[in-house]
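Read off the chains here:
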Amino acid sequence: MSVYDHPEFDNHEKILFASDAQSGLKAILAVHSTARGPAVGGCRLWTYDNSADALTDALRLSQGMSYKNVMADLPIGGGKSVIMKPEGNFDRTALFEAFGRALQALNGEYMSAEDVGVSPEDIMIAKRHTDYVVGLDGGTGDPSPTTAKGVFMGIQASAERGLGKSSLSGVKIAVQGATGHVGSALVRRLAGAGAELFLSDIREDALKALAAETGATVIEDLNAIYEVEADIFTPCALGGIINPDTIDRLKVKVVAGAANNQLKTPDMGAELQKRGILYAPDYVINAGGIINTMGDIEPQFDAKWVEGKLVTLKATLLEVFDKAENEGRPVNEVTDEIARRRLAEAAEMKQAA
Ligand code: NAD
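Rules of the game
- Every chain's residues receive numbers from 1 upward, in the order its sequence appears when written.
- Local features in this predicted model are restricted to residues of pLDDT 70 or higher, and side-chain atom pairs are both shown and tallied only at a pLDDT of 80 or more, whereas totals for entire chains, interfaces and linings draw on every residue.
- Excluding hydrogens and water, the side-chain values take into account all heavy atoms of the structure.
- For each residue, the test is whether any non-hydrogen atom lies within 4 Å of the molecule or strand; if one does, the residue is near.
- Counting of polar contacts relies on pairs of N or O atoms within 3.5 Å, with two restrictions inside protein: one atom must be capable of donating a hydrogen and the other of accepting it, and residues adjacent in sequence are counted only when both atoms are side-chain atoms.
- Surface accessibility in these figures is a Shrake-Rupley result with a 1.4 Å probe; residues are shielded only by whichever protein chains are displayed.
- For helices the rule is a DSSP run of H or I covering at least 4 residues; for strands it is a run of E covering at least 2, with both sets numbered from the N terminus onward.
- When residues are grouped by polarity, Ala, Val, Leu, Ile, Met, Phe, Trp, Tyr, Cys and Pro land in nonpolar, Asp, Glu, Lys and Arg in charged, and all others, Gly among them, in polar.
- Note that domain bounds follow an automatic or database assignment of domains.
- Whether two residues are in contact is decided by their heavy atoms: any pair within 4.5 Å suffices.
- Buried area is understood as the total, over both parts, of accessible area removed when two parts are fitted together, assessed with a 1.4 Å probe.
- A side-chain nitrogen of Lys or Arg and a carboxyl oxygen of Asp or Glu constitute a salt bridge if their distance falls within 4 Å.
- The span you would expect from a helix comes to 1.5 Å times its residue count less one.
- Residue exposure (1.4 Å probe, protein chains only): buried if accessible area is under 20% of the type maximum, exposed if over 50%, otherwise partly exposed.
- Two strands qualify as a pair provided DSSP detects at least 2 bridges between them.
- To count toward a patch, a residue needs a relative accessible area over 30% and no salt bridge; like charges are then connected within 9 Å, while nonpolar side chains (Val, Leu, Ile, Met, Phe, Trp, Tyr) are connected within 5 Å.
- Only four residue types enter the charge count, namely Lys and Arg as positive and Asp and Glu as negative; His and the chain termini do not.
- The atoms used to mark charge sites are NZ of Lys, CZ of Arg, CG of Asp and CD of Glu.
- The axes are straight lines fitted to the C-alpha atoms, using for helices just the contacting stretch, and the angles between their N-to-C directions are given from 0 to 180°.
- Helix crossings get a hand from a simple test, with the near helix turned counterclockwise from the far one by less than a right angle marking a left-handed crossing and a clockwise turn marking a right-handed one.

**Student:** So, the site of the ligand: which residues are in play, and what are the values?
**Tutor:** Taken together, 24 residues are adjacent to the ligand, and T147, H181, D201, A237 and N260 come closest. Side-chain polar atom of R203 to an oxygen atom of the ligand: 3.1 Å apart, as the coordinates give it. For the ligand, the protein covers 85% of the area, taking 830 Å² as the surface of the free molecule. Broken down by secondary-structure element, the contributors of at least two residues to the shell around the ligand are α4 (144-163) and α5 (181-192). Counted by class, the shell around the ligand contains nine nonpolar, ten polar and five charged residues. Each of two domains, domain 1 (3-64 + 79-129) and domain 2 (144-341), supplies a minimum of three residues to the shell around the ligand.

**Student:** Run through the domain arrangement of the protein chain, naming residues and quoting values.
**Tutor:** Per the domain assignment, the segments of the protein chain are domain 1 (3-64 + 79-129) and domain 2 (144-341). Computed from C-alpha coordinates alone, the two centres of domain 1 and domain 2 are separated by 25 Å. Listed per partner, the contact involves ten residues of domain 1 and eight residues of domain 2. Interface area, domain 1 with domain 2, both sides summed: about 820 Å², of which 58% is carbon and sulfur. Taken together, domain 1 and domain 2 are joined by zero salt bridges. Viewed at the interface, domain 2 and domain 1 are joined by two residue pairs in polar contact (both at pLDDT 80 or more). Among the elements of the structure, β3 (39-46) and α1 (51-71) are those that each provide at least two residues to the side of domain 1 that touches domain 2. A per-class count over the side of domain 1 that touches domain 2 returns five nonpolar, one polar and four charged.

**Student:** Residue-level account of helix α10 (residues 303-327), with values.
**Tutor:** Its 25 residues give α10 an end-to-end C-alpha distance of 36 Å, which sits within 8% of 36 Å, the value for a rise of 1.5 Å per residue. Along α10, the residues that are buried comprise V306, K309, L310, L313, T316, L317, L318, V320, F321 and A324. Where α10 is buried, its residues touch α1, α4, β11 (278-279), α8 (282-285), α9 (288-293) and α11 (331-352). At the C-terminal side of α10, G328 shows a positive phi close to 65 degrees.

**Student:** I'd like a rundown of the sheet that holds strand β8 (residues 217-218), residues and numbers included.
**Tutor:** With parallel pairing, the six strands of this open sheet are ordered in space as β8-β7-β6-β9-β10-β11. Edge positions in the sheet fall to β8 and β11, since each of these pairs with one other strand and no more. When strand β6 (residues 172-176) meets strand β9 (residues 232-235), the two strands line up parallel, connected through four bridges. Paired with I173 across the bridge in β9 is I232.

**Student:** An account of a negative patch on the surface is needed here, citing residue identities and associated values.
**Tutor:** Judged by side-chain charge, E204, D205, E220 and D221 come together as a negatively charged surface patch. The topology assignment puts E220 in the loop between β8 and β9. Exposure remark for E220: the relative accessible area of 66% places this residue in the exposed category.

**Student:** Kindly report on the sheet that holds strand β1 (residues 14-20), identifying the contributing residues and their values.
**Tutor:** Here five strands make up an open sheet; going across it, the order is β1-β2-β4-β3-β5 and the pairing mixed. Each of the sheet's edge strands pairs with one partner strand only, and the pair in question is β1 and β5 (110-114). On average, each strand axis in the sheet is inclined to that of its neighbour by 20 degrees, with strand direction left out of account. Sheet topology places β1 next to strand β2 (residues 25-33); seven bridges connect them, and they run antiparallel. Its bridge partner being in β2, F17 is matched across the sheet by I28. Sitting on the sheet, α1 is in contact with β1, β2, β3 and β4 (77-84), with an inclination near 155 degrees to β4.

**Student:** Describe the pairing of β9, listing the residues and the values that go with them.
**Tutor:** Across the two faces of β9 the burial is the same, with I232 and T234 and F233 and P235 all buried. One ladder, built from two bridges, connects β9 with strand β10 (residues 254-255); its direction is parallel. Residue pairing across strands places I232 opposite V254, the latter belonging to β10.

**Student:** Please set out the side chain of K309 residue by residue, giving values where relevant.
**Tutor:** Position of K309 relative to the elements: it lies in helix α10. The charged side chain of K309 is buried without a salt bridge, its nearest counter-charge being D73 at 4.6 Å. Residues in contact with K309, not counting those within four places in the same chain, are A72, D73, L74 and I291.

**Student:** Quick rundown of the packing of α4 against α10? Include the residues and the values.
**Tutor:** The N-to-C vectors of α4 and α10 enclose an angle of 35 degrees; their axes lie 9 Å apart at closest approach. Crossing of α4 against α10: the hand is right-handed. Seen from α4, the contacting residues are T146, K149, G150, M153, G154, Q156, A157, S158, E160 and R161; seen from α10, they are V306, E307, L310, V311, L313, K314, L317, L318, F321 and D322. Considered class by class, the residues forming the contact of α4 with α10 number nine nonpolar, five polar and six charged.

Okay, structure coming up:
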């Protein structure tokens, strides 16, 4: 497995490959950039086919955190960690204790919260061995409700530009991963705004209950969510779902949701543009959670500051939509360019200091 010439390497500052034979921990802690402050990003526990897949995921997610944090103008850098889920039965406590020790070894260059497959309870276990965790009870807590609020505001912005609608009332929205931490909070907000909802998730019972509560339609076949005759597709499960297999099945005018790394490859942004589909860059629209977590790092980042930042998030989306339209370029390309420029400026300033 090559690292420095990996297509996703993108000048990562540091990558820690941690392993602990006793607990079965195999984790990759990726620090993309500390140019603007300590790298912050969640920890994912997932079944990967091999360590190359885990590395690719860690690198992409970590770069995405740098882009997210710089686009939200936060005084932190970007990083992310992935734990390869051990096969068969394993001791979860021992696993997260070992993860905590690995995190501590980075001396605060990277701070972790939870991500897919990891709960705040897991991070509390890691905390026994590290000072560098955020997003916990007793602090700012689960970031998901604030992520959902930011995504909701981002969907409003996307509906304005992509559908010419100033209200979500009657707007048809297909949500993938509807019962998740972010998905469920978002679905309730969208239902409250009068949207007509179509929901999918692998957790059938939770899905039926949420649909009954919100008056939504259940899409039973997981693959059929791409083909729903809706206005907006809202991915809130995993990444890579805008790809050559799915893109021609989309009937929507807007893709706007919480999932990280929605585009399997960057060229999917141009493909969406060609099809007249407006794409809300994932790392801009889903920044609400990390914004909320800032209160664990510095007390001045309080609830009022968070509210202001969510308003700015919506404004940033409108700005990148406008810039992309004026320049006739894909939104993801324009946004990546801004993020990369800001990161390079920060790196120069750090070096000059
Ligand atoms: P979660 O694990 O709570 O929710 C994911 C949901 O997707 C689950 O309900 C799961 O059953 C469902 N799912 C999995 N595979 C599916 C499939 N093939 N089809 C339909 N549903 C499927 O995770 P979360 O914290 O809600 O995060 C959701 C996404 O948002 C992730 O991509 C995450 O990286 C991203 N994100 C989360 C936050 C946050 O604050 N939690 C912040 C930014 C980005």
